[in-house]
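# Report on the structure
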Amino acid sequence: MSENQVDVVVIGGGGAGLAAAVSAAEQGASVLLFEAERELGGSTQLSAGMLTAAGTSVQAGLGVEDSAEKFFQHYQDLNQWLLKPGLVRAFCEHAGPSVEWLLGLGVEIPAKVSHDAHTPGLTRAGVEDVWRGHVPKDQGYGLVQVLDRARRRLGAEAVLNTRVERLLVDGGRVAGVVADGIDVRAGAVVVTTGGFARDPALRARYYPDAEAAGEDLFVVAAPGSRGDHFGFGEQVGASIAGEGWGLLLPTAYFQRLHHWQSGFPPPSRVLVNAHGRRFMDEDASYAVSSGIISAQDGPVWTVFDERARAGLPPGYAHWDAAHVLAEAEAGRTLRADTVEELAGKMGVPAAALRATVDRWNTQLPAGGEDPEFLRHRTLAAKGVTGPPEPIGQPPFHAARTLPAELVCTHAGLEINAGAAVLDERGNPVPGLFAAGEAGAGVLGPRYVGGGNAVANAITMGRIAGRAAAENASGT
Ligand SMILES: Cc1cc2nc3c(=O)[nH]c(=O)nc-3n(C[C@H](O)[C@H](O)[C@H](O)COP(=O)(O)OP(=O)(O)OC[C@H]3O[C@@H](n4cnc5c(N)ncnc54)[C@H](O)[C@@H]3O)c2cc1C
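Per an unreviewed UniProt entry, the protein chain goes by the name Fumarate reductase flavoprotein subunit and belongs to Amycolatopsis saalfeldensis. Under the UniProt heading Cofactor (unreviewed entry), the entry covering the protein chain gives this text: "FAD".

## Observations concerning unusual backbone geometry
Of the consecutive residues Pro 394 and Pro 395, the connecting peptide bond is found in the cis state with omega at -5°. Tracing the backbone shows Pro 395 in the loop between α17 (375-381) and β16 (396-409). Even without being a glycine, Gln 80 presents a positive backbone phi close to 50°. Position of Gln 80 relative to the elements: it lies in the loop between α4 (68-78) and α5 (85-105). For Asp 180, which is not a glycine, the phi torsion comes out positive at approximately 55°. Mapping Asp 180 onto the fold places it in the loop between β8 (173-179) and β9 (182-191).

## Description of the sheet that holds strand β4 (residues 121-123)
Taken together, 3 strands build an open sheet; the order of strands is β3-β5-β4 and the sheet is antiparallel. The sheet is open, and its two edges are formed by β3 (51-52) and β4, each paired on a single side. Both β3 and strand β5 (residues 133-135) contribute to a ladder of 2 bridges, which runs antiparallel. If you follow Thr 52 over to β5, its bridge partner there is Gly 133.

## What to know about the layout of surface pockets
Empty space within the second largest pocket amounts to approximately 400 Å³. Along the walls of the second largest pocket sit 19 residues, with Tyr 207, Asp 209, Leu 248, Ser 290 and Ser 294 positioned nearest its centre. Broken down by secondary-structure element, the contributors of at least two residues to the lining of the second largest pocket are α8 (208-212), β12 (246-252), α11 (289-294) and β16. For the lining of the second largest pocket, the per-class residue count stands at 12 nonpolar, 5 polar and 2 charged.

## Regarding the site of the ligand
As a matter of local geometry, the ligand sits amid 40 residues, with Glu 35, Thr 44, Asp 228, Glu 437 and Val 454 nearest to it. The separation between an oxygen atom of the ligand and a polar side-chain atom of Glu 437 is 2.6 Å. Asn 452 is positioned such that a nitrogen or oxygen atom in its backbone is 3.3 Å from an oxygen atom of the ligand. Within the complex, 98% of the 1000 Å² of free accessible area of the ligand lies under protein. Among the residues forming the shell around the ligand, the class breakdown is 16 nonpolar, 19 polar and 5 charged.

## Re the side chain of Glu 414
Relative to the assigned elements, Glu 414 resides in strand β17 (residues 412-414). Among the residues examined, Glu 414 registers a relative accessible area of 16% and is labelled buried. Residues in contact with Glu 414, not counting those within four places in the same chain, are Lys 84, Ser 239, Ile 240, Ala 241, Ala 420, Val 421, Leu 422 and Ala 440.

## Some words on the pattern of salt bridges
Close approach of charged atoms allows side chains with opposite charge to pair. Tallied over the entire structure, the rule returns 24 salt bridges. Residue Asp 283 is joined to Arg 269 by a salt bridge in which the shortest nitrogen-to-oxygen separation is 3.1 Å. Placement of the pair is Asp 283 in the loop between β13 (270-272) and α11 and Arg 269 in the loop between α10 (259-262) and β13, with a sequence separation of 14 residues. Since its relative accessible area comes to 7%, Arg 269 is described here as buried.

## Observations regarding the packing of aromatic side chains
Within the structure shown, the criterion is met by 12 aromatic pairs. Each ring, one from Phe 304 and one from Trp 319, has its centre 5.7 Å from the other, and the planes form 70°; the classification is edge-to-face. Here Trp 319 lies in the loop between α12 (306-310) and α13 (321-329) and Phe 304 lies in strand β14 (residues 300-304), a separation of 15 residues in the sequence. Neither residue differs from the other here; Phe 304 and Trp 319 are each classed as buried. Among the aromatic residues, those joined into a ring-pair cluster are Tyr 253, Phe 254, Phe 304 and Trp 319. Over the ring of Phe 72 we find Arg 89; its NZ or CZ atom is 5.7 Å from the centre of that ring.

## Overview of the sheet that holds strand β11 (residues 240-241)
With respect to topology, 3 strands assemble into an open sheet ordered β11-β17-β20, the strand pairing being mixed. For this open sheet the edge positions go to β11 and β20 (439-440), each flanked by a neighbour on one side alone. Across 2 bridges, the pairing between β17 and β20 is parallel. Considered in β20, the bridge of Leu 413 is made with Gly 439.

## Structural notes on helix α6 (residues 139-153)
An ideal rise of 1.5 Å per residue puts 21 Å on 15 residues; α6 measures up with 22 Å between its terminal C-alpha atoms. On the buried face of α6, the contacting elements are α1 (15-26), α2 (42-46), α5, β6 (157-159) and α18 (452-473). Where α6 ends, the next residue or the one after it, Gly 155, has phi of about 80°, a positive value.

## Notes on the nonpolar core
Ranked by internal contacts, the top residues of the largest apolar core, which has 89 residues, are Val 9 and Tyr 75. Ranked by residue count, the leading element in this core is α18, at 11 residues. Contact partners of Val 9, with chain neighbours within four places excluded, come to Leu 32, Phe 34, Val 177, Val 184, Ala 186, Ala 188, Val 189 and Val 190. By size, the runner-up hydrophobic cluster in this structure holds 19 residues, among which are Val 303, Ala 336, Val 339 and Leu 353.

## What about the environment of Tyr 207?
Its location among the elements puts Tyr 207 in the loop between α7 (200-206) and α8. Spatially, the C-alpha atoms of Tyr 207 and Glu 100 are 34 Å apart, while their sequence positions differ by 107 residues. One polar contact links the side chain of Tyr 207 to the main-chain carbonyl oxygen of Gly 246, over a distance of 3.2 Å.

Conventions used here
- Sequence order sets the numbering: in each chain, residues are counted from 1 along the sequence as written.
- Totals for whole chains, interfaces and linings use all residues, but because this is a predicted model, local features are given only for residues with pLDDT of at least 70 and pairs of side-chain atoms are given and counted only at 80 or more.
- Side-chain descriptors were evaluated using all non-hydrogen atoms of the structure, hydrogens and water having been removed beforehand.
- UniProt positions are given in the numbering used here, feature names are shortened, and annotations may be inferred rather than shown by experiment.
- What counts as a helix is a DSSP run of H or I of at least four residues, what counts as a strand is a run of E of at least two, and both are numbered from the N terminus.
- DSSP calls a pair of strands paired once it identifies at least 2 bridges connecting them.
- Put plainly, a pocket is an open set of points on a 1 Å grid over the protein atoms alone with protein on both sides within 12 Å along at least five of seven lines, a cavity is a set where a 1.4 Å probe fits but cannot get out, and a lining residue has an atom within 4 Å of a point.
- Grid points are joined across faces, edges and corners, and a volume is the space filled by probe spheres set on the points.
- Residue polarity is assigned by list, with Asp, Glu, Lys and Arg as charged and Ala, Val, Leu, Ile, Met, Phe, Trp, Tyr, Cys and Pro as nonpolar; anything else, Gly included, falls into the polar class.
- Note on terminology: near, applied to a residue and a molecule or strand, indicates that one of the residue's heavy atoms is within 4 Å of it.
- In the analysis that follows, any N or O atom pair within 3.5 Å is treated as a polar contact, provided that within protein one partner can donate a hydrogen and the other can accept it, and provided that, for residues neighboring in sequence, both atoms belong to side chains.
- Computed by Shrake-Rupley with a 1.4 Å probe, the accessible areas treat only the displayed protein chains as cover when residues are assessed.
- Exposure categories follow from relative accessible area, calculated using a 1.4 Å probe and restricted to protein chains: below 20% of the type maximum is buried, above 50% is exposed, and the middle band is partly exposed.
- We call two residues contacting when some pair of their heavy atoms lies within 4.5 Å.
- Here, a salt bridge means any side-chain nitrogen of Lys or Arg that lies within 4 Å of a carboxyl oxygen of Asp or Glu.
- Only centres within 6.5 Å qualify two rings of Phe, Tyr or Trp (six-membered ring in Trp) as a pair; their planes then separate them into stacked at under 30 degrees, edge-to-face at over 60, and tilted for everything else.
- For a lysine, the NZ atom is tested; for an arginine, the CZ atom; a charge sits over a ring if that atom is within 6 Å of the ring centre and within 35 degrees of the ring normal.
- Take the residue count of a helix, subtract one, and multiply by 1.5 Å to get its expected span.
- What we call a nonpolar core is a set of buried Ala, Val, Leu, Ile, Met, Phe, Trp, Tyr and Cys residues that are connected through their side-chain atoms within 4.5 Å.

In structure tokens, the structure reads:
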């Protein structure tokens, strides 16, 4: 083997790249991983690290009966069968074993009920009937640390601060990469460069819904999410899948950070549409919430009263009592002494908004039940005890709310069940694999609850690393 020759080159050191590097090294391959930024981790490191998976020892420890088959059915149904069943089936089958693999490497996910994405254990990920959200200790950071320790133990080398420029291609076969102007030859290459959330032109082309949020759009994905995978794909005529899909979370117009820093809207609130009516469970999972909001035929508002504003807990940047007060004083958050006056400012029918607030006050706050939207069930799954306060203390507030927080993107290089990149005829490109946000086909039009993207990164990254090692050794 010449000086600049390895079995497997991995491009990008987030969750998918680290999983690929570790699994390739486990097969005995020599591995070189390039990371464009000064540290490993990408969006994976910023995430809660929650993973969806079925049939795991964590579920079994809680007496939860589940299977890859049930996961597959739910996944496909939620995505209206727009995804290729063979690929999704492989993902659902390997997600559980990938969680076991992580546990074996040292990730801690206790068999305990968790009511949120931050407390280690098993939680409700989305709208599944069986809980599948596996929350690791120390979140995405913990996941990256454990994978990186495994990488070092197995001797897979990582080069930081080095953005791979292009692929080396010999007669149709991918034969390495160019980084820092140097050719590095490899038996196989795995593209795990993450998404393209940080690139406005790629967003406009592959995820126009994000641009529709206009000035309210803000991106929380890691700085390295520049969409470099499209350039690599273009070199070899790769097919692109997942166009038009990604994850935008609902936020108030004044949020600019992920909710851990921005804070959370007050429990005592209703979401209303242009008709002055409630239209959803305000605490619905983002597996469905952004879609429901986008389906309304006009602006959507979060409506709350003065008690709710004043009761916002301190320590957050945006959903904070003083910040909301400043927004109201600047006239950006609407404020009025009566519900009817607020309706006038919002441009919604006053009688409808009055009826909405009155009805709401007799439902969940008074009787503990939300018969129309079943919000009490969601709150119970989140471990909330006791109903929210009624909405009644003036002044009343309305903050425009829309899907505008861009978390991840789903368009990338089309892969098959073995994480091989496909060309436009549907044939594997020799020597090229992809996973995570860069490798498309698993993440669909509907985000299947918190944990969908990290599970995709780890599971398909692990498959890609193993397949690349086999490909490089010619087995
Ligand atoms: C704040 C936040 C919270 C989230 N919470 C969750 C959650 O709890 N559960 C969940 O499922 N999903 C969550 N997500 C989404 C999820 O984290 C990502 O979709 C997933 O981790 C992506 O993994 P990846 O390996 O594909 O990309 P990344 O982890 O982003 O890694 C890609 C890496 O490639 C590097 N790179 C890019 N181009 C090059 C190049 N040319 N050369 C070398 N390196 C390059 C980047 O710098 C980056 O480090 C969250 C995302 C964010 C931002």
